[in-house]
Structure formats: structure tokens, C-alpha cells
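# Per-entry structural report
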Amino acid sequence: MANNRGRRRRFGAIRRLPSGRYQARYPGPDGVMRPAPVTFETTADADDWLAERQTEIRRGEWRDPEAGAVSFRAYADKWVDERELAPLTRDLYRYLLDKHLFTFAESDLDEITAPRVREWRAGRLRTTNAKTMTAKAYRLLKAIMETAVDDELITRNPCRIKGAGKEKAAERRIATVAQVDALAEAVGMRWRLMVYLGAYGPMRPEELAGLRRRDVDLDNLRVRVRLAEPERMNGRRVQGDTKSEAGTRTVILPAFLRRELRWHLESYAEAGPDGLIFVGEKGAPFRRSTFGRKWRKARDAVGMSEGFRFYDLRHTGHTLSTRSGATLKDTMVRAGQSSEKAALIYQHSDDERQEEVAAGLDATVRKARAAAREKEPDRRSGTNLARDN
């Protein structure tokens, strides 16, 4: 048809509807005719809209209006499946999609707008105490939607809240030497070494779960951390790499742990070079839930706060190592951390320095124990594996 200036239209078509309004249609780059999502009051308005679509096509900026009509949950599931993720990370993403991002499950990608994202986050923060999980869920949502932008399914990422993906870490708690000893005693003989290695290793729970006899050099007080066996949400452990490349390391233990280590190997570790160092009462790899109950019971018996986690033993070890003279690089090597690489690239911490750190840690713990015995001379007598004498 001709436009209102009497010239024949070169792009698209406009027709008058029975209602008196005008409908505009245009051919996409694929040749398919597509109608405008709205009708127009005048042909001039319709003509302007068609001109904008023609410009988008010429500039290569045109996007199929139906491209975003993809279910968020279907796209998110595919997004997770296409990535090489550690088992625990995959479990976490599935959990976040099920428990925190379910609001968007039935929505199409192009229906998830910035206002909806803000409303969702505000609601989560207002009605739950899961601030950390909300931040994790926001980061996951933002990553998925950014891929949707790359796939040209949406034009812009709706996750634009500054700082929404940052987790405010709570202040790490530390224990005293006396509290570590008390926790080790209260948790039971089978698990006391785990407490000591968690504090003075300091090793992660999944690293402790993966330790084998062949990883332990009792004569030289060295433990080789080669792998990690994190526990999945289904209760099964999966063998994999350590958290980072720096996590694969040799830990030199302080001398006061020699008797603890020897006694545990003789009493509880599985036989053979591939035997697990830590197993449950029935001979199976220890479960997070089972050990968690024992840990909470021991923590209550010692009188420590509910907020003190097993993982906080690592922070205790960091603090005591620093007090014994270790540098930041020393503690990073000891704990298997890889952060601050750029700042620490010119620093070095070899086996000799690690032996010095272990010796300093040994002296610090011995001194604290001696001071505690002097304050409580009548506390109790008899053989105590936690003592040095």
C-alpha cells in the first residue's frame, strides 16, 4: 500500500483494522513476516515503528522478538549441564535453582526484568535470614542471564543491583589452645586427631576425608594432601582435586602431634597404604551428619558458641601460626590457599621455612598448655594424650 505521502512503502506493511487502529508487519532477516506487538493510532506512528525495525536490521542489531520466549528453568538447567563443574558446585547450583530462584522457574527469559529481580531480592532479604544464600543465588541468576545476552536471547542483563552478589563474611572466630584441647577430648578418641589436624594442619574437612595411610610420614611428621573427598547432598563422597592447585601440598606438623598421630594410626586408621585415616564406628567413610552431631555435642560440652564451626579451626591455626612468626605466604602455603598471588609472587616459603613455622607453632602450643597447667594445678591427673609429658 502507499504511505500517507503517496509513496509506495519499501519496507513492511500497514493495514487498518476494523477497530480503526493500524497494524504494522515487517519481514525479518529470515524472511518471516512479523507483526508489531502493539497497534498504532495513526499510519505515521506505524511507519515510524517500521523505520526503527529497518534500521536495526541494517545495523545488525535486530533480535527476534520470540527469542526470549524460553523458559528460565529449562535454560538454567541446560546452562548447568553444559559447564564442567565440581560435583559440590553442581549440587549447589541445583539447590539454588530449586530453593531460591523458583520464582522465575516458569517465566520466559524476556519476562525477567530489572524490577522483578529487585523485587525478588528484596523479598528474600525481608522474609528470610539467608543473606549469604541470596547473594549466591543472585550471582547465579546474573551469570545465567549474561549467557542469555551472549546467546542473543535477551538484549540486556536484568541483574543490575550493585553489590547484590557480594557476601559479607562474618568475623571468623578463633579458639584458644585450651579450647582446641577440650574440643579434641570431648569429641571422642576416634575423632580427636581430626580436630588437631583441622586446627594445626590446618586442613579442610574434605581434605581430611581423603587422607590415606600412604599420605602420612610419621617419622618426619609430614602429611601429603593430594586430593579431596567432599560429601554431596545425597550423602555420598566423591573423590576429586583439592580446592585449588595450591591445595595439593605437604603439611609439616608440629612435634606435639607425633603421639596423637601414632596412636590414631594404630587404633583407628584402615590397614594398607590406601586405607583411610578417618572412618566411622562401623568402618565406613565418616559422614558429615554423623560427625556434625558429635561436633555440636563437643562444642556444647566445652561451652563454645553455636557459631563456632569446625571450619573455624583453620582460622585458629592461621592465627597461631602468625603469632609464632609465620609470614602471610607461610600460612598460605601451609593452608593450601592460592589467593593474593600477585602480591606474594616474590615471596618464598620452602620446606625449611615450613619446619620453622611448625617448630614455632609447637612452642606456642606447649607454652599455652604449660600456662594452663600452672593456673589449674589440680585440674586432673593421669595420662592425657593432649599433654606433652
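Our subject is the structure listed above.
So, a few notes on the structure that sits alongside this text. The structure displayed is predicted, hence computed values, not measured ones. (Residues numbered from 1 in each chain as written. Predicted model: local features only at pLDDT ≥ 70, side-chain atom pairs only at ≥ 80, totals over all residues. Heavy atoms only, no water.)

Looking now at the pattern of salt bridges. One pass over the structure, following the stated rule, counts 17 salt bridges. A salt bridge links Arg-53 to Glu-52; the shortest N-O distance between them is 3.6 Å. Take Arg-53: its relative accessible area is 11%, and that puts it in the buried class. For Glu-281, the salt bridge is made with Lys-294, and the minimal N-O distance between the two is 3.4 Å. Note that Glu-281 is positioned in the loop between α9 (258-267) and α10 (288-302) and Lys-294 in helix α10, a separation of 13 residues in sequence. A relative accessible area of 29% places Lys-294 in the partly exposed class. Three or more residues joined by partner-sharing salt bridges are found here, namely Arg-73, Asp-77, Asp-81, Arg-94 and Asp-98. (Salt bridge = Lys/Arg side-chain N within 4 Å of Asp/Glu carboxyl O. Buried < 20%, exposed > 50% of the residue type's maximum accessible area, 1.4 Å probe, protein only. Helix = DSSP H or I, 4+ residues; strand = E, 2+ residues; numbered from the N terminus.)

Below, the discussion takes up the packing of aromatic side chains. Tallied over the full model, the rule gives 13 aromatic pairs. Ring plane angle 25° and centroid distance 6.1 Å describe the contact between Trp-295 and Phe-308, whose orientation is recorded as stacked. With a gap of 13 residues between them, Trp-295 in helix α10 and Phe-308 in the loop between α10 and α11 (312-323) connect regions that are remote in the sequence. With relative accessibility at 1%, the residue Phe-308 sits in the buried group. Note that Arg-53 overlies the ring of Trp-49, its terminal NZ or CZ placed 4.7 Å from the centroid. (Phe/Tyr/Trp six-rings, centres within 6.5 Å; stacked < 30°, edge-to-face > 60°. Lys NZ or Arg CZ within 6 Å of the ring centre and 35° of its normal.)

We now examine the side chain of Asp-181. Tracing the backbone shows Asp-181 in helix α6 (residues 177-187). Owing to a relative accessible area of 12%, Asp-181 belongs among the buried residues under this scheme.

As a further point, take the side chain of Arg-249. Note on placement: Arg-249 falls in strand β6 (residues 249-252). The buried category is assigned to Arg-249, whose relative accessible area is 4%. Within the local environment of Arg-249, its side chain forms a polar contact with the backbone oxygen of Pro-202, the two atoms lying 3.5 Å apart. (Polar contact = N/O pair within 3.5 Å; in protein donor to acceptor, adjacent residues only side chain to side chain.)

With that settled, the discussion passes to the pairing of strand β1 (residues 13-16). Alignment of β1 against strand β2 (residues 22-27), held across 4 bridges, turns out to be antiparallel. Opposite Arg-16, over in β2, you have Tyr-22 as the bridge partner. The antiparallel pairing of β1 with β2 creates a hairpin that spans 5 residues between the two strands, and Gly-20 there sits at a positive phi of about 95°. (Pairing = 2+ DSSP bridges.)

Moving on: helix α1 (residues 43-59). Between its first and last C-alpha, α1 extends 24 Å over 17 residues, near the 24 Å set by a 1.5 Å rise per residue. Residues of α1 that are buried: Ala-46, Trp-49, Leu-50 and Arg-53. End-on view of α1: buried residues confined to an arc of 100°, all on one side of the axis. Exposed residues on α1 whose side chains face more than 90 degrees from its buried face are Arg-58 and Arg-59. The inward-facing, buried residues of α1 contact β1 and β2. Once α1 finishes, Gly-60 follows within two positions and takes phi at roughly 75°, a positive value. (Expected span 1.5 Å × (residues − 1). Arc of directions from axis to C-beta. Contact = heavy atoms within 4.5 Å.)

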